[in-house]
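Inside the fold
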Amino acid sequence: MNNAAHLMAREPDPNQMDLNRSLETLLRTRRSIRGFTPQPVPEEVLRKIFELGQLSPSNCNVQPWRTFVASGAVKNRLRDAFIAQIQNQIPGNPDYPYNDRFEDPYRGHQVRCAVALFKEMGIERDDKAGRGRANLRNYEFFDAPHVAFIGMHHQFRETVAIDIGIYLQTIMLAMTAYGIGCCAQGSLRNYPDIVRQEFGISRDISILVGLSFGYEDTNIDANRVRMTRAPLDDNVTFKG
Ligand SMILES: Cc1cc2nc3c(=O)[nH]c(=O)nc-3n(C[C@H](O)[C@H](O)[C@H](O)COP(=O)(O)O)c2cc1C
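Every value quoted in this text rests on a predicted model; they were computed, and no experiment measured them.

**Looking at the overall build of the protein**
- Tallying secondary structure elements over the protein gives nine helices and four strands in all.
- Here the C-alpha atoms of the protein give a radius of gyration of 20 Å, agreeing with the 18 Å that 2.2 N^0.38 yields for 240 residues.
- The C-alpha extent of the protein, read off along each of the three principal axes, is 65 × 40 × 35 Å.
- A fraction of 85% describes how many contacts in the protein between residues 6 or more apart in sequence connect residues 24 or more apart.
- For the protein, the accessible surface area stands at approximately 15300 Å², while carbon and sulfur atoms represent 52% of it.
- Of the charged side chains in the protein, 29 are positive and 28 negative; the average position of the first set lies 3 Å away from that of the second.

In structure tokens:
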């Protein structure tokens, strides 16, 4: 039975339809925000979002995410320390090196993503300095008032990282629902020792990803970008 026939075969449940609509709105509203106003997120909203994150499912309910949220002077110290690394050209030493080499079709998506972003930011193809500045924006947390770092025990590998990805999406959708913009950043895994030192985290915890967040600054060029998605059949196979 196709989807439309299935929907017609049952009495529409108004509560279910509200959920359908809310979910679709939420998923279509969330996008990566790369420019923020200085206005901090109120503490109760901050706590609420990360409480909602706790509802994420995980394999055997091990709840492996370990999250470190920096605001105010702590966030500024982290930013300054990161910027110093980049300006001094200190190579990153991520706990999880990013050594995926993308071939098509992945490479095509990757290039289109960069091209779309650079176009909105007014960076030409051969503008190396411009690309460097765009990269630096990652480590300035795009001026966000808050940044979260999400890690897990260093002995965990891919299977547990699935849980971290699910958690990350829960947090991003919760933020979207509360009118808070965010950008997941693999780039923020590059200097994990700085994060561990600032938060007093033991070596047992490895850092997987960062998330800059706050209220969107709609005047920032980078926030005009809208990433598209491949058609369904490129990614999903239905059989039987
Ligand atoms: C795990 C992860 C890591 C990412 N790392 C970065 C990053 O370091 N810098 C950045 O600007 N965007 C980063 N992004 C954002 C992606 O570029 C973005 O999600 C993708 O282009 C789709 O666009 P959308 O989020 O606006 O839908 C990351 C996203 C994810 C999920």
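Next, the rest of the story.
**Here's the deal with unusual backbone geometry**
- The omega angle of the peptide bond from Asp104 to Pro105 is 10°, so this bond is cis rather than trans.
- Note on placement: Pro105 falls in the loop between α4 (72-87) and α5 (106-120).
- Positive phi values are uncommon outside glycine, yet Cys60 reaches one of about 55°.
- On the secondary structure map, Cys60 appears in the loop between α3 (43-53) and β1 (66-71).

**Describing the side chain of Arg34**
- Checked against the element boundaries, Arg34 lands in the loop between α2 (14-29) and α3.
- Buried within the structure, Arg34 lacks any salt-bridge partner; its nearest side chain of opposite charge belongs to Glu216, at an N-O separation of 10 Å.
- In contact with Arg34, not counting residues within four places along its chain, are Leu117, Arg137, Phe142, Cys183, Ile220, Ala222, Asn223 and Val225.

**Observations concerning the packing of aromatic side chains**
- Per the stated rule, a full pass over the model turns up ten aromatic pairs.
- Between Phe68 and Phe199, the aromatic rings sit 5.5 Å apart at their centres with planes inclined by 55°, giving tilted as the arrangement. Of the two residues, Phe68 sits in strand β1 while Phe199 sits in helix α8 (residues 192-199), which places them 131 residues apart along the sequence.
- An angle of 45° between the planes, with centres 6.1 Å apart, marks the rings of Phe82 and Tyr191 as tilted. Taken together, the residues span a long stretch of sequence, with Phe82 in helix α4 and Tyr191 in the loop between β3 (181-185) and α8 at a distance of 109 residues. There is no split in this pair, since Phe82 and Tyr191 are both buried.

**Quick notes on the nonpolar core**
- Counting 25 residues, the largest nonpolar core has Ile49, Phe50, Met175, Ile180, Leu211 and Phe213 as the members making the most contacts within it.
- Going through the elements one at a time, α3, β2 (146-153), α7 (158-177) and β4 (205-214) are the ones with two or more residues in this core.
- It is α7 that provides the largest number of residues to this core, a total of eight residues.
- Apart from the residues within four sequence positions on either side, Met175 is in contact with Ile49, Phe50, Ile180, Cys182, Leu211 and Phe213.

Procedures and definitions
- Residues numbered from 1 in each chain as written.
- Predicted model: local features only at pLDDT ≥ 70, side-chain atom pairs only at ≥ 80, totals over all residues.
- Heavy atoms only, no water.
- Helix = DSSP H or I, 4+ residues; strand = E, 2+ residues; numbered from the N terminus.
- Rg over C-alpha atoms; globule rule 2.2 N^0.38 Å.
- Contact = heavy atoms within 4.5 Å.
- Areas by Shrake-Rupley, 256 points an atom, 1.4 Å probe, with all protein chains shown as cover.
- Lys, Arg positive; Asp, Glu negative; His and termini not counted.
- Charge placed at Lys NZ, Arg CZ, Asp CG, Glu CD.
- Buried < 20%, exposed > 50% of the residue type's maximum accessible area, 1.4 Å probe, protein only.
- Salt bridge = Lys/Arg side-chain N within 4 Å of Asp/Glu carboxyl O.
- Phe/Tyr/Trp six-rings, centres within 6.5 Å; stacked < 30°, edge-to-face > 60°.
- Core = buried A, V, L, I, M, F, W, Y, C linked by side-chain atoms within 4.5 Å.

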